[in-house]
Amino acid sequence: METARIFNIERCSTEDGPGIRTTVFLKGCQLRCRWCANPESQEKRRQILFKAVKCIGCGRCQSACPSNAIVYMPEFGMISDPEKCTLCGKCIDACYQEARVLQGEDYTSDELMEILEKDAVYYEESGGGITFSGGEPLLYPSFIRECARKIHEKGWTVLIETCGQVPLRNIQDVIDDVDIIFCDYKHFSAERHKELTGLGNEQILENIQWLDKHFNGKLYIRYPYIPGCNDEPEVIEKFLEFAESLETVSEVVFLPYHRLGLPKYQGLGRTYEMGDMKSLKVQDLYFLKEYEQKYRIKISIQ
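Let me begin by describing the structure that accompanies this report. Every value quoted in this text rests on a predicted model; they were computed, and no experiment measured them.

**Looking at unusual backbone geometry**
1) Next: Here the amide bond leading from Gly134 into Gly135 is cis, since omega sits at 10°, within 30 degrees of zero.
2) Next: Mapped onto the fold, Gly135 is located in the loop between strand 8 (129-133) and helix 5 (141-153).
3) Next: Although it is not a glycine, Asn68 adopts a positive phi angle of roughly 50°.
4) Next: With respect to the secondary-structure elements, Asn68 resides in the loop between helix 1 (60-64) and strand 4 (70-73).
5) Next: Even without being a glycine, Glu98 presents a positive backbone phi close to 55°.
6) Next: Mapped onto the elements, Glu98 comes out in the loop between helix 2 (90-94) and strand 6 (100-103).
7) Next: Exposure remark for Glu98: the relative accessible area of 54% places this residue in the exposed category.

Structure below.
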């Protein structure tokens, strides 16, 4: 039976596809987007996340750590050094305030299904189902396929949220068992894309174009709107021109920038690259709807 490393399971979600859904977040991603809201998702390895708002500074975690891996960093707090930490979990057990959380647990498809089945009535009544997100869920194609077939036996829908930076064979392995795909598009320029995410966009664009021709489900292209990164009018128009050229994509979705991931960066002892940039509201992007007059495509803001 296939396994995957999961760092969060969000029940009763209404933001990740149609109806009421459970969103399963898997660990691992090849991109390093500056604005990533889930930095704990980027590496496949398990990590200990420190929650500063819960810490009372008692020092029990340091005393319990047999590897002396916990270091106080003034700007972040009690951070586990990944070079020393053995993930034994003793610091977590010692913390009465639940200020330390292990990110990443391996599940089989059967173990995950036991959790998903708890909300079966909600999926069935709302036309919802299961969304696989991350990180990058398509780094686990065999697990996704195995789960998707069990999910479809129940009559629920399967949605994949992907950054598109995966080998094409991973996509080919799962598309016959997936109903909806949300794929991100971040910048038309390969060079600028690499500056913003660590890698160029060539594979992503090729995968989107392949999906446009071969995927029989619903394909949505999502655009994270990030001030100072990809918000210039000419960049937006390049995106819309690309989206308009696709045969099966009738709607694109713009996602306003938010900084909700900031505490997670701090909890991993990492600097947040977006600095003090303020979050945007949905209404801040309403002006983008005007592009519908120029391009033959529906524009949504979420």
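**Describing the pattern of salt bridges**
1) Next: Scanning the entire structure with this criterion turns up 15 salt bridges.
2) Next: For Arg222, the salt bridge is made with Glu161, and the minimal N-O distance between the two is 3.7 Å. Residue Arg222 is found in strand 11 (residues 218-225), and its partner Glu161 is found in strand 9 (residues 157-162); the two are separated by 61 residues along the sequence. Accessibility assignment for this pair places Arg222 and Glu161 in one class, buried.
3) Next: Through salt bridges with shared partners, a single ionic network connects Glu161, Asp184, Lys186 and Arg222.

**Overview of the side chain of Arg259**
1) Next: By the secondary structure assignment, Arg259 is in the loop between strand 12 (251-256) and helix 10 (262-267).
2) Next: It is Asp276 that comes nearest to the buried, bridge-free Arg259 among opposite-charge side chains, at 4.6 Å.
3) Next: For Arg259, the side chain forms a polar contact with the main-chain oxygen of Met277, separated by 2.6 Å.

**Overview of helix 8 (residues 202-214)**
1) Next: In a regular helix each residue adds 1.5 Å, so 13 residues correspond to 18 Å; helix 8 covers 18 Å between its end C-alpha atoms and thus fits that length.
2) Next: Within helix 8 the residues assigned to the buried category are Ile204, Leu205, Asn207, Ile208, Trp210, Leu211 and Asp212.
3) Next: As for helix 8, its buried residues are in contact with helix 6 (168-174), strand 10 (180-184), helix 7 (190-197), strand 11 and helix 9 (233-245).

**Side note on the sheet that holds strand 8**
1) Next: The 9 strands are arranged 7-1-2-8-9-10-11-12-13 in an open sheet whose pairing can be described as mixed. In this open sheet, the two edge strands, each paired with only one partner strand, are strand 7 (105-108) and strand 13 (298-301). For this sheet the average axis-to-axis angle between neighbouring strands, irrespective of direction, equals 30°.
2) Next: Two strands pair when backbone bridges link them, and strand 1 (residues 3-13) and strand 7 are joined in this way by 4 bridges, in the antiparallel orientation.

**Some remarks on the pairing of strand 4**
1) Next: Where strand 4 lies against strand 5 (residues 77-80), 4 bridges are found, and the strand directions are antiparallel. If you follow Val71 over to strand 5, its bridge partner there is Ile79.
2) Next: Taking the residues between adjacent antiparallel strands as the criterion, strand 4 and strand 5 are bridged by 3 residues.

**Let's talk about the packing of aromatic side chains**
Two aromatic rings are characterised by how far apart their centres lie and by the angle between their planes.
1) Next: In the structure shown here, the tally under the stated rule is 12 aromatic pairs.
2) Next: The interplanar angle of 85° and the centroid separation of 5.4 Å between the aromatic rings of Phe182 and Tyr220 together place this pair among those described as edge-to-face. Here the residue Phe182 occupies a position in strand 10, and Tyr220 occupies one in strand 11, the gap between them amounting to 38 residues.
3) Next: Arranged with centres 5.6 Å apart and planes meeting at 90°, the rings of Phe239 and Phe254 form a pair that is edge-to-face. With Phe239 in helix 9 and Phe254 in strand 12, the pair connects residues that are 15 residues apart, well separated along the chain.
4) Next: By relative accessible area, Phe254 is classed as buried at 0%.
5) Next: Following the ring pairs from residue to residue traces out a cluster consisting of Tyr185, Tyr223, Phe239, Phe242 and Phe254.
6) Next: Seen from the ring of Tyr140, Lys44 lies directly overhead, with NZ or CZ sitting 4.6 Å from the centre.
7) Next: Over the aromatic face of Phe188 sits the side chain of Lys238, whose NZ or CZ is 5.6 Å from the ring centroid.

**Looking at helix 7**
1) Next: Among the residues of helix 7, those classed as buried are His193, Leu196 and Thr197. End-on view of helix 7: buried residues confined to an arc of 75°, all on one side of the axis. Exposed side chains of helix 7 directed beyond 90 degrees from the buried face belong to Glu191 and Lys194.
2) Next: One or two positions beyond helix 7, positive phi appears at Gly198, with a value near 100°.

**Considerations on the environment of Phe215**
1) Next: With respect to the element layout, Phe215 can be found in the loop between helix 8 and strand 11.
2) Next: A relative accessible area of 5% places Phe215 in the buried class.
3) Next: In sequence terms Phe215 and Ile160 are 55 residues apart; their C-alpha atoms lie 12 Å from each other.
4) Next: Look past the residues within four positions of Phe215 in its chain and what remains in contact with it is Ile175, Val178, Asp179, Ile180 and Ile181.

What counts, and where the lines are drawn
Residues numbered from 1 in each chain as written. Predicted model: local features only at pLDDT ≥ 70, side-chain atom pairs only at ≥ 80, totals over all residues. Heavy atoms only, no water. Helix = DSSP H or I, 4+ residues; strand = E, 2+ residues; numbered from the N terminus. Buried < 20%, exposed > 50% of the residue type's maximum accessible area, 1.4 Å probe, protein only. Salt bridge = Lys/Arg side-chain N within 4 Å of Asp/Glu carboxyl O. Lys, Arg positive; Asp, Glu negative; His and termini not counted. Polar contact = N/O pair within 3.5 Å; in protein donor to acceptor, adjacent residues only side chain to side chain. Expected span 1.5 Å × (residues − 1). Contact = heavy atoms within 4.5 Å. Pairing = 2+ DSSP bridges. Axes fitted to C-alpha atoms, helices over the stretch in contact; angles between N-to-C directions. Phe/Tyr/Trp six-rings, centres within 6.5 Å; stacked < 30°, edge-to-face > 60°. Lys NZ or Arg CZ within 6 Å of the ring centre and 35° of its normal. Arc of directions from axis to C-beta.

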